[in-house]
Amino acid sequence: MQRREFSFSAASLAASALGACALPTLAQAQAKAFQSGTDYLTLDKPAPTEAPAGQIEVVEFFWYNCPHCNAFEPMFDAWSKKLPKDVTVRRAPVAFRADFEPQQRLYYVLESLGKVEELHKKVFIAIHVDRQPLTTAAQITAWVEKQGIPKAKFTELYNSFSISTKARKATQLQDAYALDGVPALGINGRYFTSGTQAKTLERSLQVADYLIGQSRGKAG
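Source: prediction; values computed, not measured.

Caption draft 1: Up close: the packing of aromatic side chains. Counted under the stated rule, the structure contains 14 aromatic pairs. Ring geometry for Phe-62 and Phe-124: centres 6.2 Å apart, planes at 55°, overall tilted. One end of the pair, Phe-62, is in strand 2 (residues 56-62); the other, Phe-124, is in helix 5 (residues 116-128), with 62 residues separating them in the sequence. Look at Phe-62 and you get buried, because its relative accessible area is 1%. Here Phe-72 and Phe-76 contribute two aromatic rings whose centre-to-centre distance is 5.9 Å and whose plane-to-plane angle is 40°, an arrangement assigned as tilted. With Phe-72 and Phe-76 both in helix 3 (residues 67-80), this residue pair falls four residues apart, about one helical turn.

Caption draft 2: Quick look at the pairing of strand 2. Most of strand 2 sits inside the fold, with seven of its seven residues counted as buried. Once the chain exits strand 2 it traverses helix 3 before rejoining the sheet at strand 3 (residues 87-93), and the crossover so formed is right-handed.

Caption draft 3: The state of the cysteines, seen in detail. Summed over the entire model, instances satisfying the criterion amount to zero disulfides. The thiol of Cys-66 is not disulfide-bonded; the next cysteine sulfur, from Cys-69, is found 3.2 Å away. Judged by relative accessible area, Cys-66 falls into the buried class, the value being 0%.

Caption draft 4: Representation of helix 4 (residues 101-112). With 12 residues, helix 4 extends 16 Å from end C-alpha to end C-alpha; this agrees with the ideal 16 Å at 1.5 Å per step. Most of helix 4 is tucked away: nine of the 12 residues are buried. Listing the buried residues of helix 4 in full gives Pro-102, Gln-103, Gln-104, Arg-105, Leu-106, Tyr-107, Tyr-108, Val-109 and Leu-110. Residues of helix 4 that are buried sit in contact with strand 2, strand 3, helix 5, helix 6 (137-146), helix 7 (151-158) and helix 8 (161-176). Downstream of helix 4 by one or two residues, Gly-114 has phi in the positive range, about 70°.

Reading the values: the criteria
Numbers given for residues are sequential positions, taken from 1 along each chain in its written order. Owing to the predicted nature of the model, reporting of local features is limited to residues with pLDDT of at least 70; listing and counting of side-chain atom pairs is limited to 80 or more, with chain, interface and lining totals taken over all residues. Only heavy atoms go into the side-chain values, all of them from the structure, while hydrogens and water stay out. Two rings from Phe, Tyr or Trp (for Trp, the six-membered ring) form a pair when their centres sit within 6.5 Å of each other. Planes less than 30 degrees apart are called stacked, planes more than 60 degrees apart edge-to-face, and all others tilted. Helix and strand definitions follow DSSP, with helices as H or I runs of at least four residues and strands as E runs of at least two, each counted in order from the N terminus. Relative accessible area decides the class of each residue, using a 1.4 Å probe on protein chains only: under 20% of the type maximum gives buried, over 50% gives exposed, and in between gives partly exposed. Crossover handedness is defined by viewing with both strands directed away from the observer: a clockwise path from the first strand over the helix to the second marks the crossover as right-handed. Two cysteine sulfurs form what is called a disulfide whenever their separation falls within 2.5 Å. Helices are assigned an expected span. That span is 1.5 Å times one less than the residue count. Any two residues having at least one pair of non-hydrogen atoms within 4.5 Å are treated as being in contact.

Pasting the structure below:
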């Protein structure tokens, strides 16, 4: 989803998915042909990373309301679970506008409570399948309470300094990567790719594999 485009037709999403399904063999054959400026971007100034020394960091940028992020989530989840041990993955919810911040805070509260594995996918389902509006603090708090998280505990964390700081850093990180849409992937503070940049969502993961290798100095 492009930064200035917050609605997409079901037809365009279906076309994107079909395009992705047709590419694995071709993309693998062309792996060495991935080019900076075409399939991915190389940052002029490195973005900050949080991975320990010796680890390669992959950041998934997303927005819960984005239909393409919803489609990408199961692909990314399956891909991330097969990564080598020297790769660290984290998510960064974006805020292209001020009204995105409640969902940023929602993600970081789930992370703080150790509930991402349990509830992250359920947020997407609530929005894109059940058609529940989860854009305000009140709507989010009511939904979270139904998931078994005490309202008082959630509210305290949601309004805490630590969650505010994480949301602010996520926005700073998206700016450091010069993000123009989601879903997108930042690789080791040096590279950026996305479904738009790589042509399909699935191909963006293949480009990411290449960039992980390049970050080790084993691809060129």
